[in-house]
Amino acid sequence: MTQERITTLLTENRSYLPPEHGKSSAWISGTEEARAICQRALEDPDDFWAARATQLIHWYKRWDKVLEADDAKHKYRWFTNAKLNASYNCIDRHIISGRRNKAALIWQGEKEMDVRCFTYQMLYTEVCRVAHALTSLHVKKGDRVALYMPMIPELVISMLACARIGAIHTAIFSGYAEGGVRSRIQDSKAKVVITADGVRRAGSIKPLKANLDPILEKCPSVAYVLVVQHAGVENVTMVKNRDIWWHDLVEDFTLDVDFPCASMDANDPLFLLHTSGSTGKPAGILHSTGGYLTYAAHTSQWIFDMRDDDVYWCTADMGWITGHTYGVYGPLSLGATTLMFEGVPTYPKPDRYWRIVEKFRVNILYTAPTVIRSLMRMGDDWPERYDLRTLRVLGSVGEPINPEAWEWFHNVIGAGELPIVDTWWQTEAGGAMISPFPYASKLKPGSASFPLPGIDAVVMGDAKKDGEDVSHENTKAGHLVIRKPWPGLMLGVYNDEEKYQSYFKRFGYFDSGDGAEIDEDGYFWILGRMDDNINVSGHRLSTAEIEAVLSKNQYVSEAAVVSMPHEIKGEAIYVYVVLKDGVEWTDDIRKALKDAIRKNIGALASPEYIQFVDNMPKTQSGKIIRRMLRKIAGNVYDDIGDTTTLAKPEVIDEIIHGHKNVIEGKPEMAKRYDEPEQEEAKPEAEAKEEKKA
Ligand code: WTA
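It should be emphasised that the depicted structure is a prediction, and the values quoted were computed from it without experimental measurement.

Draft legend 1. View of the overall build of the protein. When you go through the protein residue by residue, the secondary structure sums to 21 helices and 30 strands. At 26 Å, the protein has a C-alpha radius of gyration in line with the 26 Å of a compact globule built from 693 residues. Seen through its principal axes, the protein has C-alpha atoms that stretch 85 × 75 × 60 Å. A fraction of 71% describes how many contacts in the protein between residues 6 or more apart in sequence connect residues 24 or more apart.

Draft legend 2. View of the confidence of the model for the protein. Of the residues in the protein, 92% reach a pLDDT of 70 or more, and the chain-wide mean stands at 92. For the stretch residues 1-10, pLDDT sits under 50, and the model shows two contacts to residues farther than four places along the chain or on other chains. Scored below 50 in pLDDT, residues 673-683 makes twelve contacts in the model with residues more than four places away or belonging to other chains.

Draft legend 3. Inspection of unusual backbone geometry at higher detail. Of note, the bond from Tyr347 into Pro348 is cis; its omega dihedral lies within 30 degrees of zero at -5°. Within the element layout of this structure, Pro348 appears in the loop between strand 17 (337-341) and helix 12 (352-360). With phi around 50°, Arg361 is a residue other than glycine that occupies positive phi space. With respect to the helices and strands, the residue Arg361 is situated in the loop between helix 12 and strand 18 (364-367). A relative accessible area of 47% means that Arg361 is categorised as partly exposed. Notably, Ser537 is not glycine yet its phi reads approximately 50°, a positive angle. Within the secondary structure layout, Ser537 lies in the loop between strand 26 (533-536) and strand 27 (539-542). For Ser537, a relative accessible area of 22% gives the class partly exposed.

Draft legend 4. Quick look at the sheet that holds strand 24 (residues 510-518). Spatial strand order, 21-22-24-25: four strands in an open sheet with antiparallel pairing. The open sheet is flanked by strand 21 (457-460) and strand 25 (524-529), the only strands paired with a single partner. Each adjacent strand pair in this sheet contributes to an overall mean axis angle of 45°, direction not counted. Bridge count between strand 22 (residues 477-482) and strand 24: five bridges; the pairing is antiparallel. The residue of strand 24 that forms the bridge with Gly478 is Ala516.

Draft legend 5. Broad picture of the site of the ligand. By nearness alone, 17 residues border the ligand, and Asp422, Thr423, Thr427, Arg529 and Arg540 come closest of all. Between the ligand and Pro400, the relevant distance is 3.4 Å, taken from a nitrogen atom to a main-chain nitrogen or oxygen of the residue. The backbone of Thr423 places a nitrogen or oxygen atom 2.7 Å from a nitrogen atom of the ligand. Burial of the ligand by the protein amounts to 97% of the accessible area it has alone, namely 530 Å². At the level of elements, helix 11 (321-333), strand 20 (420-423) and strand 25 are the ones that each hand at least two residues to the shell around the ligand. Here the shell around the ligand is built from residues that sort into six nonpolar, six polar and five charged.

Draft legend 6. Seen up close, the environment of Pro607. Inspection of the secondary structure assignment puts Pro607 in the loop between helix 18 (587-600) and strand 30 (609-612). Judged by relative accessible area, which is 5%, Pro607 ranks as buried. Considering only alpha carbons, one finds Pro607 and Asp197, 410 residues apart in sequence, at a separation of 28 Å.

Draft legend 7. Quick peek at helix 7 (residues 178-188). With eight of eleven residues buried, helix 7 is to be regarded as a mostly interior element. Taken together, the buried positions of helix 7 are occupied by Gly179, Gly180, Val181, Arg182, Arg184, Ile185, Asp187 and Ser188. Following helix 7 by one or two positions, Lys189 adopts a phi angle in the positive range, close to 50°.

Draft legend 8. Molecular detail of the nonpolar core. Counting 169 residues, the largest nonpolar core has Phe79, Leu134, Leu160, Ile185 and Tyr329 as the members making the most contacts within it. Not counting the four nearest positions on each side in its chain, Phe79 is found in contact with Trp49, Ala53, Trp59, Trp63, Lys65, Val66, Ala266, Asn267, Gly290, Gly291, Thr294 and Pro487. Counting 32 residues, the second largest nonpolar core, distinct from the first, contains Trp313, Tyr353, Trp354 and Leu394.

Draft legend 9. Structural detail: the pairing of strand 7 (residues 168-171). Burial along strand 7 is two-sided: Ile168 and Thr170 and His169 and Ala171, pointing in opposite directions, are all buried. Here strand 6 (residues 144-148) runs beside strand 7; their pairing, made up of four bridges, is parallel. Each residue of the ladder has a partner; that of Val145, found in strand 7, is His169. Taking the sense of rotation as the criterion, the β-α-β connection linking strand 6, helix 6 (residues 153-165) and strand 7 turns out right-handed. Across two bridges, the pairing between strand 7 and strand 14 (residues 269-275) is parallel. The partner of Thr170 across the bridge, within strand 14, is Leu272.

Draft legend 10. Here's a closer look at the pairing of strand 24. With eight of nine residues buried, strand 24 is to be regarded as a mostly interior element. Pairing of strand 24 with strand 25, which is carried by five bridges, proceeds in the antiparallel orientation. The partner of Gly515 across the bridge, within strand 25, is Gly528. Counting the residues in the hairpin turn of strand 24 and strand 25 gives five residues, including Gly522, whose phi is positive at 85°.

Draft legend 11. Structural context of the sheet that holds strand 7. If you trace the eight strands from one edge of the open sheet to the other, you get 12-11-8-6-7-14-15-23, paired in mixed fashion. Taken across any chain shown, the strands that pair with only one partner, and hence form the sheet edges, are strand 12 (243-245) and strand 23 (492-493). Bridge count between strand 11 (residues 224-228) and strand 12: three bridges; the pairing is parallel. Bridge pairing in strand 12 places Val227 opposite Trp245. Across the sheet, helix 11 is in contact with strand 7, strand 14 and strand 15 (283-288); its angle to strand 14 comes to roughly 145°.

Draft legend 12. Region of interest: the packing of aromatic side chains. By the definition in use, this model includes 35 aromatic pairs. When the ring of Phe48 is compared with that of Trp302, the centres are 6.1 Å apart and the planes differ by 55°; the resulting orientation is tilted. Here Phe48, found in helix 3 (residues 45-56), pairs with Trp302, found in helix 10 (residues 290-303); they are 254 residues apart in sequence, far enough to count as distant. Exposure remark for Phe48: the relative accessible area of 2% places this residue in the buried category. Ring centres of Tyr503 and Phe510 lie 5.6 Å apart, and the angle between their planes is 10°; on these two criteria the pair is classed as stacked.

Cut-offs and rules
- Residues numbered from 1 in each chain as written.
- Predicted model: local features only at pLDDT ≥ 70, side-chain atom pairs only at ≥ 80, totals over all residues.
- Heavy atoms only, no water.
- Helix = DSSP H or I, 4+ residues; strand = E, 2+ residues; numbered from the N terminus.
- Rg over C-alpha atoms; globule rule 2.2 N^0.38 Å.
- Contact = heavy atoms within 4.5 Å.
- pLDDT = per-residue confidence, 0-100.
- Buried < 20%, exposed > 50% of the residue type's maximum accessible area, 1.4 Å probe, protein only.
- Pairing = 2+ DSSP bridges.
- Axes fitted to C-alpha atoms, helices over the stretch in contact; angles between N-to-C directions.
- Near = heavy atom within 4 Å.
- Polar contact = N/O pair within 3.5 Å; in protein donor to acceptor, adjacent residues only side chain to side chain.
- Areas by Shrake-Rupley, 256 points an atom, 1.4 Å probe, with all protein chains shown as cover.
- Nonpolar A, V, L, I, M, F, W, Y, C, P; charged D, E, K, R; others polar.
- Core = buried A, V, L, I, M, F, W, Y, C linked by side-chain atoms within 4.5 Å.
- Right-handed = clockwise from strand over helix to strand, strands pointing away.
- Phe/Tyr/Trp six-rings, centres within 6.5 Å; stacked < 30°, edge-to-face > 60°.

Quick look at the structure:
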C-alpha cells in the first residue's frame, strides 16, 4: 500500500456519519438535502432569505426589497423598509401562540440552590417593567445603554427591554477591567449603564459597581447607573442623583403593566458589541434588527436542530457575541428554552456542567474547546457519575477544536454517537457561517465542515501578490473570505467607517481575518487568525491593544506581543519587552507590566511570560518581525525564517537564549547575552550587588 493510500484511509477513519436516530424528524436531514439547500441559497439568495425571514420572524410590515447592495461601498441593507421588533419576536408572539407557560429562561446560579426560571409570560412582565424603568430614565429609541453585568437573568431582561424601546444595548464582558470598560462606554456614549454590586467567581465575590465608579468620572455621557443587588457586596457607594438600585426603580412599575414594542426598521441597529480590532482600538460592531434576528433564528434552528421541547444550553457569557446570538436572540426568537449558568465549569467540583445537564435534562450543549480540554483533563470519572442521555446535539465554538478534544467530547459526553457541530464565525458575522448540520453532515474531527446556506466562503491567496482565487485548487491554505453578503453581516463599525472598509480592502469581499485550508473533500479547516488578534480560551484579544498598555510604562522602550500555543487555552500571550537604556531587568517591572495589563484590559489578557530582550528582530527599516518572535515563543528555533534580512541577525540567538531561560522559570538567567553565563540562578539582589561591584 502506498503511503498516500494509508494517509487517505487514516483520514477516512476519522470521519463520523450523522446518527440515524432523530434523522427522520430533523430540520435538515441527510447530505443530499443539505447540498440542495446550499445550492438553492447561492443561486437565488433573495428568494432563499425571503423564505427564511417569512418562516421565522414576525414582521409588522414586509420589506420592499430583500437586499439593497452597494458593492462599491460594501453597504448591504437587508429587508429594506420592513418593520419589526426583536423583543416582540423573542417574547410576545410566543405568549399568544401557546408557549405562554413554557420556560423561556432557566437560570442556574453559582450556588446549587440558586435557580430562577422565567416562563415566556414572566419574561414578558419583567421586560415590560424594565422598559418602563429605562424610559423613566429618559432612554429613547437609538440611545445606547451599556450592560456591564454578571451572568444573571437581569442581563437578558435588560437586553430585551432595550430592544423593546429601540435603544441600542452594548454589553461589556464583566471580566473587562478599567481601560476596556472605559473605552467601550466612551465610544458608545452610553446614557445609562446597568451593572450589579458584584460578580460571583468560583466561590469569591468580585466587585463590579466599585470598578465602574472611577471609570465613570471620565464618561460624561452617562446620566444614570442602574445597579442590581446580586452578590451581596456590602457598602456599595451610590452616587446621589446618578445611581439607582434596580429593585427600587423597577418596583415602581406594577406587574400588569404593558410596554408596547417600538416599530423598528429592519436596518435600525439592535445592538453594539465591541471586539478586538486590528489596531489598538476595539471596533464597535453594529448589528441590524431584521437581518441579524433572521440570521440568528435561522442558524439556531438548523445547526442545533432546535425543537420545541428541547432544553438548550449555550455556555458562553452573554457579554460576548455567542451569548447574544445563541444564548438570547436565536433560541428566544424560536420560542425555545434557553439555560443560563452563572458559574464556572470546575467550581465547586469539576462536575458542574454534567450536573447541570442531568438536573435540567439538557438536550443541546454548546460550549468551547478550552472548556472541553480542561474538563477532559479532570478525567472521565466526573461525567460518568451523571446521566447525560438526554443530550442529542453537541456544539463547539470560539477557536479550532483539536481532534483529541473532539473525540473526547464525542465519545465520553456523546456516548460515541452524538454529532458535534463545530461552528465557525465571528462577532462581525452575527451567526455561524461554517458548520455542519447535526443530522446531515459526515463529520471530520477538527474541521468545521462546510459553509452554511448562502455563505459563499472561499480561501484566497494573497491578493496583493497574485490576486488569484485559489479556493478550489489543490488544498492550499489562505485567507478565509466571504464573497456574498448574508443577513447577519454587521451594519457597520460604530463611528469608524474606515475600520469597516478595512474588512473589504484586501480582497474586495469580506475578509474574516482567519486562515483556512480546504481539503480534497471540500471540508474547511480553520487555521486561526492571520491578523494581530490572539484567541486566548476563545477570547479574542488584540496584540496591539496589549502593546499599547505596555508602552505606557515609564521604563519600557518597546514591546511586542505574540501568541504561543497552550494546552488548555489554545493560545496564550507571550510578551517581549526592551527596557529603556540603563534600566535593570527586574521582577518588579515584570510584575508592574502584568498588573497594568490586568488593570487596563482584564485578567483574561494576562501574559503567560514576559521576556526582557536587548533588541527586537527588526528589518533594515526598523519594522519588528513578529513572525520570528512568534516562532521563538512557540519553541520553534530551527525554522525562524530568513534572518539575513534583519538589521542585526545576531539578536535571534540572544532572544532564543533568553526564551529558554524564561520558560524554564529562570528569567534572571536571560540576562544580556554577552554577559558570561552564570552557572546557577542567583537571587536578583545578589546579582545586582555583583554588578555594582
Ligand atoms: C475563532 C466568536 C476555529 C476565529 C464566535 C474567529 C474559530 C474568532 C471558531 C472570532 C471555530 C471562532 N473554529 N476558529 N469553530 N469559532 N473561531 O469575534 O479565529 O469572539 O475569527 O466570535 O474566533 O471570535 P469572536
